[in-house]
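Descriptive structure summary
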Amino acid sequence: MIFESLPTTPRSDELIDKAFSRAARTGRAKQNKLEAQQSMLQTASNILSDNLENVVVEWPDFELVDPFYYELADAIVDVDELRQSLSEVMWASRQIDTLAREYQSKLRKTDADTARKHRKQAFARMASIVEEVEDDLLRLGEARDALKTLPDIRPDEPALVVAGYPNVGKSSFVNDVTRASNEIARYPFTTKGVQIGHFERERIRYQIIDTPGLLDRPEEDRNDIERQAVSALEHLADAVLFVVDASGECGYPIESQLELRDAVQTRFEQRDIPVLTVCNKSDRSTDVEADLYMSVETGENVEEVLDAAVEAVGFEPDIPPSRNE
């Protein structure tokens, strides 16, 4: 996952202490006092400039990030503010590099005592630059901590999104078709665990995603972060399975379930994403018009539902032509 390997972002005071203490050790290792000041300046500037630049280059280019992950990231942290902070930190890195070249020129043309004064002045200006981007470093650190918990979903693999009210059997279905080979984790955009499973058909791996807290209640009941997370799912989903329970055992009337189905259908079909209505617990009731009927509890038609979903996705992998073609 693109945000998982982001390194820890240093705080401004940590970075300054690291640079200046390392520079002091370097200076003590030099017998020539003028060379000591030059070496200290070079060491400190390298550490500050390189570390600040590394903070920036380790982040992915948001112009190239898949829309799914872009939307999820923007749901949790303001991407525009994040990009501004990255720009400010890169500015600081370049300013320190420029400052180092300016003062190295001064140190080459003077005596050791004056060089020491120049070097101390350079250190003060460098520290001031790093402190100027303190808030940006903090913002990047907080964003890194939040984004590294995003789900490991592959935008290049076909994905089925399972929707429907609570207790209609969504999680049981996902567990059944993935043989429980799934991940359940809590992410910042929902208070409940998003369940991600995988299954294979004709050597193609499919992702199947149950999103409690997102697609199990009406739009007006979602907060802004959840709404944007649903928007991200629009970029990911290749088909949606909307599960209903006509038996009433889930605790929600079928009319409310169908209203939510219609809202989900309208939203996803705007992107030409097929939405299949699946009536679960068909061993107890089929009193609803649906595309498919199944009972996860008895196993009836579960594989048929999965086959229909795969057909609705219509995924065709890019296969290179054979040499004979």
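All figures in this text were calculated on a predicted structure; none of them were measured in a lab.

1. Some words on the domain arrangement of the protein chain
- Parsing the protein chain into structural domains produces domain 1 (10-146) and domain 2 (157-311).
- One C-alpha centre belongs to domain 1, the other to domain 2, and the line joining them spans 48 Å.
- Across the domain 1/domain 2 interface, buried area totals approximately 840 Å², and carbon plus sulfur atoms make up 71% of it.
- Of all residues in domain 1, Phe68, Glu71 and Ala75 bury the most surface against domain 2, accounting for 58% of the area lost on that side.

2. Some thoughts on the pattern of salt bridges
- Throughout the structure, instances matching the rule amount to 25 salt bridges.
- A salt bridge links arginine 11 to glutamate 14, with the nearest nitrogen and oxygen atoms 3.1 Å apart.
- The salt bridge involving arginine 284 is made with glutamate 249; its shortest N-O contact spans 2.2 Å. With arginine 284 in the loop between strand S6 (275-280) and strand S7 (292-293) and glutamate 249 in the loop between strand S5 (239-245) and helix H9 (254-269), this residue pair connects regions lying 35 residues apart in the sequence.
- According to the relative accessible area criterion, glutamate 249 is partly exposed, its value standing at 47%.
- Shared partners join several salt bridges into a network, and the residues in it are Glu219, Arg222, Asp224, Arg227, Glu234, Arg267 and Arg271.

3. A short note on helix H4 (residues 79-107)
- An ideal rise of 1.5 Å per residue puts 42 Å on 29 residues; H4 measures up with 42 Å between its terminal C-alpha atoms.
- The opening residue of H4 is aspartate 78, an N-cap whose side-chain oxygen sits 3.0 Å from the backbone nitrogen of aspartate 80.

4. Some remarks on the side chain of lysine 170
- Turning to its location among the elements, lysine 170 is positioned in helix H7 (residues 170-177).
- Lacking a salt bridge, the buried lysine 170 has aspartate 210 as its closest oppositely charged neighbour, with an N-O distance of 4.4 Å.
- A polar atom in the side chain of lysine 170 sits 3.0 Å from the backbone oxygen of tyrosine 165.
- If near-sequence neighbours (up to four positions away) are discounted, lysine 170 is found in contact with Val162, Ala163, Gly164, Tyr165, Asp210, Asp216 and Val243.

5. A word on the UniProt feature "domain: Nucleolar GTP-binding protein 1 Rossman-fold" (unreviewed entry) in the protein chain
- Taking the numbering used here, the UniProt-annotated feature "domain: Nucleolar GTP-binding protein 1 Rossman-fold" (unreviewed entry) corresponds to residues 224-283.
- As annotated, residues 224-283 has a helix share of 48% and a strand share of 22%, and its two end C-alpha atoms lie 38 Å apart.

6. Quick look at unusual backbone geometry
- The backbone phi angle of asparagine 167 is positive, close to 70°, even though this residue is not glycine.
- Turning to its location among the elements, asparagine 167 is positioned in the loop between strand S1 (159-163) and H7.
- Notably, aspartate 272 is not glycine yet its phi reads approximately 60°, a positive angle.
- Its place among the elements puts aspartate 272 in the loop between H9 and S6.
- Aspartate 272 gets classed as exposed once you look at its relative accessible area, which sits at 71%.

About the criteria used
Residues numbered from 1 in each chain as written. Predicted model: local features only at pLDDT ≥ 70, side-chain atom pairs only at ≥ 80, totals over all residues. Heavy atoms only, no water. Domains from an automatic or database assignment. Buried area = accessible area lost by both parts, 1.4 Å probe. Salt bridge = Lys/Arg side-chain N within 4 Å of Asp/Glu carboxyl O. Helix = DSSP H or I, 4+ residues; strand = E, 2+ residues; numbered from the N terminus. Buried < 20%, exposed > 50% of the residue type's maximum accessible area, 1.4 Å probe, protein only. Expected span 1.5 Å × (residues − 1). Polar contact = N/O pair within 3.5 Å; in protein donor to acceptor, adjacent residues only side chain to side chain. Lys, Arg positive; Asp, Glu negative; His and termini not counted. Contact = heavy atoms within 4.5 Å. UniProt positions renumbered as here; feature names shortened; annotations may be inferred.

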